[in-house]
Amino acid sequence: MTTGERRIHRKATDYRWEGVEVLPYKEDGRALFKAITRQVLFSDPEQQSELRYFEVAPGGFSTLERHEHMHAVLILRGRGHCLVGGEVKPIETRDLITVPPMTWHQFRATRGEPLGFLCMVNATRDKPQLPTEEDLAGLQEDARIAAFLRNEPQAGST
């Protein structure tokens, strides 16, 4: 929704908003991701922000990436795990995650349920940077991050 299309309410049914197209997660074929969609709920140049809803199917994941802008992520449904910098954390409904600029991050849904989240970002933002082989090797030096990237969260972290 842009400034000229301001509305008070939009009805959401099963995490789909009226008049909002369900889009592919990314158009960039270089980025590895699995079973995820996005909806742009709000985009306003005056506020310089965009609010998007992402839904990751059970067992799916977002791209491992970093960029110059920060994210504010609010989990609306489901459970999973996220990597933010050097930490792997379990996430669930109503958790709030802040991703600082230039921080590696990725979200993964549990195998049994979808993970849905709102993500607030700058309306104008830089392109994501994907990890190099060297970056991946550095991340995988941490056994917990390596297990996360293999989609094998460690026991006790659910």
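Residues numbered from 1 in each chain as written. Predicted model: local features only at pLDDT ≥ 70, side-chain atom pairs only at ≥ 80, totals over all residues. Heavy atoms only, no water.

Student: Let's hear about the packing of aromatic side chains: which residues, and what values?
Tutor: On inspection of all chains with the given rule, the structure shows three aromatic pairs. One aromatic cluster is present, built from ring pairs that chain together Phe54, Phe107 and Phe117. We note Arg108 situated over the ring of Phe61; from NZ or CZ to the ring centre the distance is 4.3 Å. Above the ring of Phe148, the side-chain terminus of Arg108 is found at 5.2 Å from the ring centroid. (Phe/Tyr/Trp six-rings, centres within 6.5 Å; stacked < 30°, edge-to-face > 60°. Lys NZ or Arg CZ within 6 Å of the ring centre and 35° of its normal.)

Student: Mind laying out the environment of Ile97, listing which residues take part and the relevant values?
Tutor: Locating Ile97 in the fold gives a position in strand 9 (residues 96-99). A relative accessible area of 8% places Ile97 in the buried class. Linking Ile97 and Ile75, residues 22 residues apart in sequence, is a C-alpha distance of 8.2 Å. If we skip the residues at most four places from it in the chain, Ile97 touches His71, Ala72, Val73, Ile75, Cys82, Val84, Ile91 and Phe107. (Helix = DSSP H or I, 4+ residues; strand = E, 2+ residues; numbered from the N terminus. Buried < 20%, exposed > 50% of the residue type's maximum accessible area, 1.4 Å probe, protein only. Contact = heavy atoms within 4.5 Å.)

Student: Go over the pattern of salt bridges, please, and point to the residues and values.
Tutor: Should their charged atoms come close, side chains of opposite charge can pair. For the structure on display, the rule yields five salt bridges. Note that Arg150 is salt-bridged to Glu152, the shortest N-O span being 3.0 Å. We classify Glu152 as partly exposed; its relative accessible area is 41%. (Salt bridge = Lys/Arg side-chain N within 4 Å of Asp/Glu carboxyl O.)

Student: Mind laying out the side chain of Ser62, listing which residues take part and the relevant values?
Tutor: The residue Ser62 is located in the loop between strand 5 (49-61) and strand 6 (71-77) in this model. Residue Ser62 is classed as buried on the basis of its relative accessible area of 4%. Within polar-contact distance, the side chain of Ser62 engages the backbone nitrogen of Phe107 at 2.8 Å. (Polar contact = N/O pair within 3.5 Å; in protein donor to acceptor, adjacent residues only side chain to side chain.)

Student: A description of the environment of Arg77 should follow, citing residues and the corresponding values.
Tutor: Among the secondary structure elements, Arg77 is positioned in strand 6. Measuring from C-alpha to C-alpha, the distance between Arg77 and Glu92 comes to 7.0 Å, with 15 residues separating the pair along the chain. Of note is the side chain of Arg77, whose polar atom sits 3.0 Å from the side chain of Glu55.

Student: Quick rundown of the pairing of strand 6? Include the residues and the values.
Tutor: Summarising the sheet, strand 6 and strand 9 pair through four bridges and their orientation is antiparallel. Of the residues in strand 9, the one forming a bridge with Leu74 is Leu96. The pairing of strand 6 with strand 11 (residues 115-122) spans five bridges and is antiparallel. When the bridges of strand 11 are listed, Ala72 appears paired with Met120. (Pairing = 2+ DSSP bridges.)

Student: Any chance you could break down unusual backbone geometry for me, citing the residues and the numbers?
Tutor: Although it is not a glycine, Arg94 sits at a positive phi angle of roughly 80°. In this structure, Arg94 sits in the loop between strand 8 (87-92) and strand 9. Although it is not a glycine, Asn151 sits at a positive phi angle of roughly 65°. Relative to the elements of secondary structure, Asn151 occurs in the segment after helix 2 (143-149). In this structure Asn151 comes out as buried when scored by relative accessible area, which is 16%.

Student: For the nonpolar core, give the residues involved together with the corresponding values.
Tutor: Grouped together as the largest cluster of nonpolar side chains are 16 residues, with contacts concentrated most on Val73, Ile75, Ile91, Ile97, Phe107, Leu115 and Phe117. For this core, the secondary-structure elements that each account for two or more residues are strand 5, strand 6, strand 7 (79-84), strand 9, strand 10 (105-109) and strand 11. With four residues, strand 11 is the single largest residue contributor to this core. Once you skip the residues sitting within four places of it in the chain, Val73 turns out to touch Asp95, Leu96, Ile97, Phe107, Phe117, Leu118 and Cys119. (Core = buried A, V, L, I, M, F, W, Y, C linked by side-chain atoms within 4.5 Å.)

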